[in-house]
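Descriptive structure summary
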Amino acid sequence: MKGKILAGALGNCVHVAGVVSILRQAEELGYETVFLGAAVPVDEFIEAVQEHDPDIVGVSYRLSPEVAERLLADFTDKLKPADRQRRFAFGGTPPVCRIAEQTGLFERCFDGLEHMGETIAWLGGKSECLEQRYCDSLSERIAAAGSIPLLRHHFGLPDFEQTRAGIEEIATARVLDVISLAPDQNAQESFFRPSSMDPMLEGAGGVPVRSREHLEALKQASRRGNFPLMRIYSGTRDLVQWAELSALTINNAWGAIPLCWYSTLDGRSDRLPETAIRENQEAMRWYGSRSIPLEVNESHHWSLRDAHDTIAVVMAYLAAYNAKAAGVSEYVAQYMFNTPPMTSATMDLAKMLAKIELIESLHDESFHSWRQARAGLLHLSPRENVAKGQLAASTAIALQIKPHIIHVVGFCEGDHAATAPDVIESCDIVHGVMRNLLNGQPDMLNNTEVQARKTVLVSEANQLLEAIRCLGEEEERDPLASPRVLAEAIRIGLLDAPHLRGHSDAAGILDTRAVNGAIVAWDKAAKRPLTEKERIAKIMANRKTAVWAI
């Protein structure tokens, strides 16, 4: 046993729901508990303290601050000197907590403004490092949070000083576990090539980070409040140099790079797909060799360009597969919901379950993944109150997959980049959803439609993976990790998206439609969905014809 906790509501207060909840948490952590009940007179409360000899005494009062002041003064005066050596905690409304703090008796006052996990942290459960603020690694933070997901939010304003001050404000608010720093496009592409920076793009898309000292100052700004972890987007080129710099300056909580993107496919660099894949794999090996967690933000890039769900599932798997092949042991798997926006919640869950099944089939003693869920950026309305509802609804659905991390997307993103108050409010919305749902909610994952669609996606994903393997089976030791094979799969259209039509380095032949909330490959001539088997057969037949023609 960790010790004994005695708690009850003092004086004329009959509100004990909070007391009961805290005692239940304490029991789960291994404490012996004594519940005194409601409206306990001061003298009886003190007699119970002496009778039960607890290590921690919890006092609750949620009524008038004026009455609380008199009751707490009486309680404090009547305590014997020996009893004052115990640990005391108080629970009440914010005004009453301010009265309790003035007594000097209570080690911690809980006023309902704290977020999930802070009570457990104070009790010294698995969240000790959250209370002590000593842990600055992803695995420690996840272990400390227990069953409560970490919250991550990106942040970066066009002005450096505003960003630094905003990080201080966010950290002080204690609402966010991971600040994901967003550098501007000039920094992402040309930090190590300052002469190549375009003055017209100063501050475009994030904070203008221009030196190592800038990164160190931003990290220092986070050293307050709940001491959030910090991470940063990778560059769109010079990825290994960016990885080294971010590890040294901000202790990058985890890296994030693509597999096929930051290339001519998206126009964010001039790297051809095969070159980009090879260099991205090199960056993965850098993270793997240093045991730094890595996220390969790949799958949703295809969905953002309206690829059908099967390609999204395959690219989620290939991202994790290539990370593991590069020696990464701690993998952050991002599951982006609402992407494309016409995807239904039912089909979203099916798609995520298919991704989870394939990614987690890679788990072994050398490789494991953390689930990170997020709302889709493009589905958020520019009407902020509507977007707040969308953020809450998306979070509620995402909690079904039991994420370790929730990537909070600011409700304001349909209108403007998030300011510090926007970040705090968005996180508060998500905290509210978690507070209502983490104690139990209906299981949507075993819904018959969800399971049926998941089964189809896993089957089709395996068909597509086998087709990609066939592109290199005679000449490649590991086709699924071959830059040449993956680039060829993009060139001929096995990996494709409608938004790539007319692209010089991609087939751009895929058509898709939303059918019953799922995104499917579409035969325009026949005006019907294409199965993956049919789609692959057409592509491979065309490829053979082209080869014979040569």
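Each remark here, short or long, concerns the structure printed above.
Computed from a predicted model, the values in this text were never measured in an experiment. Counting restarts for each chain: residues are numbered from 1 in the order of the written sequence. In keeping with the model being predicted, local features are shown solely for residues with a pLDDT of at least 70 and side-chain atom pairs are shown and tallied solely at 80 or more, while totals for entire chains, interfaces and linings include all residues. Values shown for side chains rest on all heavy atoms present in the structure; no hydrogens or waters enter the calculation.

As a further point, take helix H10 (residues 212-221). In this scheme, a residue with accessible area under 20% of its type's maximum is buried, one over 50% is exposed, and one in between is partly exposed, where area comes from a 1.4 Å probe on protein chains only. Helix and strand assignments come from DSSP, with helices taken as H or I runs of at least 4 residues and strands as E runs of at least 2, each series counted from the N terminus. Those residues of H10 that fall on the buried side of the exposure criterion are Leu215, Leu218, Lys219 and Ala221. Taken around the axis of H10, the buried residues stretch over an arc of 160°, which confines them to a single face. What makes two residues a contact is simply this: any of their non-hydrogen atoms within 4.5 Å. Tucked inside the fold, the buried residues of H10 contact helix H8 (160-173), strand E7 (178-181), strand E8 (229-232) and helix H11 (239-250). Note that the arc is computed from the directions linking the helix axis to the C-beta atoms.

With that settled, consider empty space enclosed by the protein. Computed over the protein atoms alone on a 1 Å grid, cavities are sets of points where a 1.4 Å probe fits but cannot get out and pockets are open sets with protein on both sides within 12 Å along at least five of seven lines; a residue lines them when it has an atom within 4 Å of a point. Grid points are joined across faces, edges and corners, and a volume is the space filled by probe spheres set on the points. Applying the stated criterion across every chain, the model contains 4 cavities of 30 Å³ or more. Considering only enclosed or pocket space, the second largest cavity measures out at about 80 Å³ in volume. Looking at the second largest cavity, it is lined by 14 residues, and the ones nearest its centre are Val296, Ser299, Ala316, Tyr331 and Gln334. If you list the elements that add at least two residues to the lining of the second largest cavity, you get strand E10 (294-296), helix H13 (299-303), helix H14 (309-325) and strand E11 (330-336). Here the element with the most residues in the lining of the second largest cavity is E11; it accounts for 5 residues. Think of it as three bins: nonpolar holds Ala, Val, Leu, Ile, Met, Phe, Trp, Tyr, Cys and Pro, charged holds Asp, Glu, Lys and Arg, and polar takes everything else, Gly as well. Of the residues belonging to the lining of the second largest cavity, the class tally is 8 nonpolar, 4 polar and 2 charged.

Further remarks concern the sheet that holds E10. Note on pairing: two strands pair once DSSP finds at least 2 bridges between them. If you walk across this open sheet you meet the 8 strands as E8-E7-E6-E13-E12-E11-E10-E9, and the pairing is parallel. Across the chains shown, the open sheet's two edge strands, defined by having one partner strand only, are E8 and strand E9 (255-257). With strand direction ignored, the average angle separating the axes of adjacent strands in the sheet is 30°. Bridging between strand E12 (residues 368-374) and strand E13 (residues 405-408) involves 3 bridges; their strand directions are parallel. When the bridges of E13 are listed, Ala373 appears paired with Ile406. Fitting a line to C-alpha atoms yields each axis, with helices limited to the stretch in contact; the angle taken between N-to-C directions then spans 0 to 180 degrees. Helix H17 (residues 420-437) contacts strand E6 (150-155) and E13 of the sheet and is inclined by roughly 155° relative to E6.

Turning our attention to the nonpolar core. By convention a nonpolar core is built from buried Ala, Val, Leu, Ile, Met, Phe, Trp, Tyr and Cys residues, the set being connected through side-chain atoms within 4.5 Å. Residues Trp302, Leu318, Ile468 and Leu494 are the most contacted members of the largest nonpolar core, which totals 75 residues. Per-element accounting of this core gives the leading share, 11 residues, to H14. Leu181, Trp242, Leu391 and Val408 belong to the second-largest nonpolar core, a separate cluster that totals 43 residues.

Now for the layout of surface pockets. Reported here for the largest pocket is a volume of approximately 1,200 Å³. The wall of the largest pocket is formed by 43 residues, among which Gly18, Ser21, Ile22, Gln25 and Thr119 lie closest to the centre. Going through the elements one at a time, strand E1 (4-10), helix H1 (17-28), strand E3 (56-61), strand E4 (87-92), helix H5 (118-123) and helix H7 (138-145) are the ones with two or more residues in the lining of the largest pocket. Of the residues forming the lining of the largest pocket, the biggest block, 9 residues, is contributed by H1. A class-by-class count of the residues in the lining of the largest pocket yields 20 nonpolar, 16 polar and 7 charged.

With an omega of -5°, the peptide bond between Thr339 and Pro340 qualifies as cis. Structurally, Pro340 is set in the loop between E11 and helix H15 (345-360). Not every positive phi belongs to a glycine, and Tyr262 is a case in point at roughly 55°. Here Tyr262 is to be found in the loop between E9 and helix H12 (273-289). Despite not being glycine, Lys527 has its phi angle at roughly 55°, a positive value. For Lys527, the location among the structural elements is in the loop between strand E15 (518-523) and strand E16 (528-529).

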